[in-house]
Amino acid sequence: MTTAPPAARPEADRPAARGRRASLRPLVLRLHFYAGLLVAPFLLLTAVTGLLYAGSFQAEKLVYGHELTVPAGERELPVSAQVAAARKAHPGGAVAAVRPSPEAGATTRVLLSGVEGVGPGHTLAVFVDPYTGAVRGALEQYGSTGALPLRTWIGELHRDLHLGETGRLYSELAASWLWVITAGGLVLWFSRRRALRKVRGTTGRRRTLGLHGTVGVWTAAGFLFLSATGLTWSTYAGAGIADLRASLNQATPSVSASLPGGEHAGHGAGSGPAGGGERGVGVDEVLAAARAKGLSDPVEIVPPAGATGAYVVRQIQRSWPEKQDAVAVDPATGRVTDELRFADHPVLAKLTRWGIDLHTGVLFGLVNQIALALLALALILLIGWGYRMWWQRGRGSAFGRPVPRGAWAQVPPYILVPNLAAVAVLGWFVPLLGIPLAGFLAVDVALGEIDHRRGRRTYGSVGGVR
């Protein structure tokens, strides 16, 4: 008994598959061209500021070396004594948190809130020598990673160009479109014949295209990652992501800083980090209780908020392996009232934490920062090559003509309609993708109608472009 070879059907299907790809290519090319052209200035800003931020971690260690490091001694003073030394030098404001020296030769940070001249949401970090109690200096600090003035300034430049909430729209716009441009570039690159992808031995526009495509392909995964993680804490798309996580019970949990039933209210709950034996346990006993629960350095101690609040001691190591465990400690008895382990966080909460830390260059330290710097440099080069290709299309004397409109007319309805529906849904959840895209389509349709009335409408003729 014989059977027919099964290879016939796949061979027959290949022309149809190639036809579908060919019908989509002009549309993807037009989207990639205009998206790159219009969003490139925003991407260039994020790349340049991101490159600066990647280097700010190491620069911070050099600029603030006096405050951050001390000669290692034999024995550290109690944390309460270090806090008292910081308060003596800087009596203004209130203690917001204490970060004990995490390693030999590192200073302790006493964070003060409500200090005159310190910006909202920032604290004044007082640096104390843990061996002698000498105050090494005080600097404004921002964020959970303990960014000092240099890194804070560069970070805010990258995030919002120092324009506040309005400025954050630029970075969200860039993050919203980066993945679209990257995905479009991948489709265009792999839909070209292999012979046209080569760089070696080529000149002119074809060489620029080869460099643009090759570097883009090698860095595409990094750009897709930066786009996705950048959106997680953006203004509009980030809010939608947070709502989705909450609906799936995947929000980031927090340790309870409220004492059960308000027990011991008024009996030591008001004692500050410096401790006061007559009013309950002090910061040293609180730290000892956290150590007994396995919380190793680096940690941050947050004093009680109100008469029924508890101390919160949490690990703050964002480098791999991450340390994010936390406990709450009764200020009257020193008893641990609540525990939260990072291992127990929901999956999406962990992925979000790792993604943000990788995006900001802290997860893998110097290696992470070098990788981010290389991605930023690659994006700068890709933008430069993209504009150069546009110039070379005009034969080096002017920018070339844009990709002709009407590519959508070449796409079969059974492919076009589902894709439009998917884009509409995506644009709803990522508004700084959807709104500009809708605006572009409206302008494009209007210009097409104008050309039609003037008798100049010319659709197609894009297959050989690029």
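This structure is a prediction, so every number in the text was calculated from the model and none was measured. (Residues numbered from 1 in each chain as written. Predicted model: local features only at pLDDT ≥ 70, side-chain atom pairs only at ≥ 80, totals over all residues. Heavy atoms only, no water.)

## As for the packing of aromatic side chains
Filter applied, for reference: Any pair of Phe, Tyr and Trp rings, taking the six-membered ring for Trp, is counted once the centres come within 6.5 Å. Such a pair is stacked with planes under 30 degrees apart, edge-to-face with planes over 60 apart, and tilted for the rest. For the exposure calls, accessible area comes from a 1.4 Å probe over protein chains only, and a residue counts as buried if that area is under 20% of its type's maximum, exposed if over 50%, partly exposed in between.
For the coordinates displayed, the defined rule picks out 8 aromatic pairs. Relative to Tyr 34, the ring of Phe 33 has its centre 5.1 Å away and its plane inclined at 85°; by these criteria the two rings are edge-to-face. Residue Phe 33 is classed as buried on the basis of its relative accessible area, which comes to 12%. Look at Tyr 34 and you get buried, because its relative accessible area is 17%. With 6.3 Å between their ring centres and 40° between their planes, Trp 320 and Phe 364 make a pair best called tilted.

## Points about the environment of His 32
Just so we agree on the cut-off: Starting at the N terminus, helices and strands are each numbered in turn, a helix being any DSSP run of H or I of at least four residues and a strand any DSSP run of E of at least two.
Mapped onto the secondary structure, His 32 falls in helix H1 (residues 8-63). The spacing of His 32 and Leu 188 is 156 residues in sequence and 8.8 Å in space, taken between C-alpha atoms.

## Side note on the pattern of salt bridges
Put simply, the rule is: We define a salt bridge as a side-chain nitrogen of Lys or Arg found within 4 Å of a carboxyl oxygen belonging to Asp or Glu.
Under the defined criterion, the tally for this structure stands at 11 salt bridges. The partner of Glu 300 in a salt bridge is Arg 99, with the nearest N and O atoms 2.7 Å apart. Here Glu 300 is found in strand S5 (residues 299-302), whereas its partner Arg 99 is found in strand S1 (residues 94-99), with 201 residues between them in sequence. Of the two residues, Glu 300 and Arg 99, neither departs from the other in class, the shared state being buried.

## With respect to the nonpolar core
Here is the rule we go by: Remark: nonpolar core denotes a set of buried residues (Ala, Val, Leu, Ile, Met, Phe, Trp, Tyr, Cys) joined through side-chain atoms within 4.5 Å. Note on contacts: a residue pair is in contact if any heavy atoms of the two residues lie within 4.5 Å.
In terms of nonpolar packing, the biggest core is built from 29 residues, with Leu 43, Trp 177, Phe 223 and Leu 379 touching the most fellow members. Those elements that place two or more of their residues in this core are H1, helix H5 (164-191), helix H6 (204-232), helix H10 (365-393) and helix H12 (431-453). Setting aside its immediate chain neighbours within four residues, Phe 223 contacts Leu 178, Thr 182, Leu 375, Ala 378, Leu 379 and Leu 382. Counting residues in each nonpolar core, the second largest holds 26 residues, with Ala 86, Val 126, Val 286 and Val 327 among its members.

## Quick word on the pairing of strand S7 (residues 326-329)
To be explicit about the condition: Criterion used throughout: strands pair if DSSP finds at least two bridges between them.
Because side chains alternate across S7, one face comprises the buried residues Ala 326 and Ala 328, and the other comprises Val 327 and Val 329, equally buried. As judged from the 4 bridges shared by strand S6 (residues 311-315) and S7, these two strands associate in the antiparallel manner. Bridged to Val 313 within S7 is Val 327. Bridge count for S7 against strand S8 (residues 336-340) is 4 bridges, and the pairing is antiparallel. The partner of Val 327 across the bridge, within S8, is Glu 339. Here S7 folds back onto S8, and the loop between the two strands holds 6 residues, one of which, Gly 334, carries a positive phi near 75°.

The values are spatial; any link to function lies outside them.
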